Amino acid sequence: MTKYRIAWMPGDGIGVDVMEATRIVLDALKFDAEYVPADIGWEFWCREGNPLPQRTIEILQTCTCGLFGAITSKPKDEAALELSPELQGKGLVYSSPIVGLRQLFDLYTNLRPCKAYPGNPLNYRDDIDLVVFRENTEGLYSGVEFHPFPDELRTIITKYNPRMSRFEDIARDDMSVSLRVITTKGARRIIKKAFEYAQQFGYPTVTLVEKPNVLRETSGMMTRVGRDVAKDFPDIELWETNIDAQMMWLLKNPDDYGVLVTSNMFGDIVSDLSAQLVGGLGFASSGNIGDEFAVFEPTHGSAPKYAGQYKVNPTAMLLATKLMLDWLSESEMAEVLESAIAKVIAEGKVRTYDMGGDSSTLDVAHAIVGKL
Ligand code: IPM
Ligand code: MG
């Protein structure tokens, strides 16, 4: 019997390359696990009309947690064109399987650390240490969307909000709506996680990034709940900022910030910007964490043009693996892995193309193994 059962989901594109790198490192660490392959991604959409097959969900239910590489995801109409001929015209609608997984398993915390490792030539500045807490199950990515816009809905919304009558001349086909759903439960649990993290790791502030001056109800609720949660953490200061200004300030003074917390779409945006400050998506890892289950992934996508070339930087995937080890309370192993990654970056001999080198994905894995 192995200690852990890890759902192994390379997905597609470069997800496959970086997961291979991860396996080399996990084996060298003598991580005591069984890896259970699970189908997910673009090829299952094209072939079966479902990028997240039911059999995968069943596998995940038997696992300790999952590792996920990357998946191609495309807008609705482009996705429909790539379905196999016998699935065409059946009204199948593509939706991102990773977003689906996050909701299905209630993985409400998306933890995205962005740390500048010394010696990385891509660091925007050397002292950056940001940790983004992105709400992962609601907000604008709740998946509650409408097109064509149903008449009944229009009638009822107009009844409750007269501003809707501005759109009364617009035909149902010419109108689409995505709901930004925020609940006090969702807001409270993500903000609480951010504060607990700040407390545990000694960050003096938590920055709540929203836009309550315009999104009065949804961002307003995040702000209200944020102030309430902050009362339980008297040693940590709550900073409230607006998403637009925060983007400027992150570029101007990134070292003013530490823990940032925000709703789903803003978190998607903040975390990409933060990633770029520490070397880009090749260095950005992400943990989708719930109360009982978690899936760890690099923040980057599937970069189909590099698929199978072993060209891309596996560091993001390896840092995601480090997050998994933290979550499993394998703290020593997590530390060994992170410091090996840091040493390889600092030494600067083995670098993938994004860092100006010509080492391969697997060269980086082997170099890290050499430093364990
Ligand atoms: C991310 C990605 C995903 C998201 C996409 C691929 C659906 O951008 O993990 O940040 O928006 O959450
Ligand atoms: Mg993103």
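Scroll up for the structure.
A word on the site of ligand 1
Ligand 1 sits among Ser-96, Val-99, Arg-102, Arg-112, Arg-134, Tyr-141 and Asp-268. Arg-102 is positioned with one of its side-chain polar atoms (N or O) 2.6 Å from an oxygen atom of ligand 1. A distance of 2.8 Å separates an oxygen atom of ligand 1 from a polar atom in the side chain of Arg-134. With the chains in place, 75% of the 320 Å² that ligand 1 exposes on its own is no longer accessible. Of the residues assigned to the shell around ligand 1, the class counts are two nonpolar, one polar and four charged. Both domains that furnish three or more residues to the shell around ligand 1 are identified here as domain 1 (1-106 + 291-372) and domain 2 (129-144 + 179-277).

Quick notes on the pattern of salt bridges
Counted by the stated rule, this structure contains 23 salt bridges. The shortest N-O distance in the salt bridge between Lys-371 and Glu-347 comes to 2.5 Å. Of this pair, Lys-371 sits in the segment after helix H13 (361-370) while Glu-347 sits in helix H12 (residues 331-347), and the two are 24 residues apart along the sequence. Within this structure, Lys-115, Lys-322, Asp-326 and Glu-338 form a network of salt bridges that share partners.

Overview of the pairing of strand E10 (residues 259-262)
Burial along E10 is two-sided: the face carrying Val-259 and Val-261 and the face carrying Leu-260 and Thr-262 are both buried. Where strand E5 (residues 129-135) lies against E10, four bridges are found, and the strand directions are parallel. Paired with Arg-134 across the strands is Thr-262, a residue of E10. One ladder, built from four bridges, connects strand E8 (residues 205-210) with E10; its direction is parallel.

Describing the side chain of Glu-138
Assignment of secondary structure puts Glu-138 in the loop between E5 and strand E6 (145-146). Buried within the structure, Glu-138 lacks any salt-bridge partner; Arg-189 is the closest side chain of opposite charge, at an N-O distance of 5.7 Å. In this structure Glu-138 touches Val-181, Ile-182, Thr-183, Gly-186, Ala-187 and Asn-264, once residues within four positions along its chain are discounted.

Rules behind the numbers
- Residues numbered from 1 in each chain as written.
- Chains lettered and ligands numbered in written order.
- Predicted model: local features only at pLDDT ≥ 70, side-chain atom pairs only at ≥ 80, totals over all residues.
- Heavy atoms only, no water.
- Near = heavy atom within 4 Å.
- Polar contact = N/O pair within 3.5 Å; in protein donor to acceptor, adjacent residues only side chain to side chain.
- Areas by Shrake-Rupley, 256 points an atom, 1.4 Å probe, with all protein chains shown as cover.
- Nonpolar A, V, L, I, M, F, W, Y, C, P; charged D, E, K, R; others polar.
- Domains from an automatic or database assignment.
- Salt bridge = Lys/Arg side-chain N within 4 Å of Asp/Glu carboxyl O.
- Helix = DSSP H or I, 4+ residues; strand = E, 2+ residues; numbered from the N terminus.
- Buried < 20%, exposed > 50% of the residue type's maximum accessible area, 1.4 Å probe, protein only.
- Pairing = 2+ DSSP bridges.
- Lys, Arg positive; Asp, Glu negative; His and termini not counted.
- Contact = heavy atoms within 4.5 Å.

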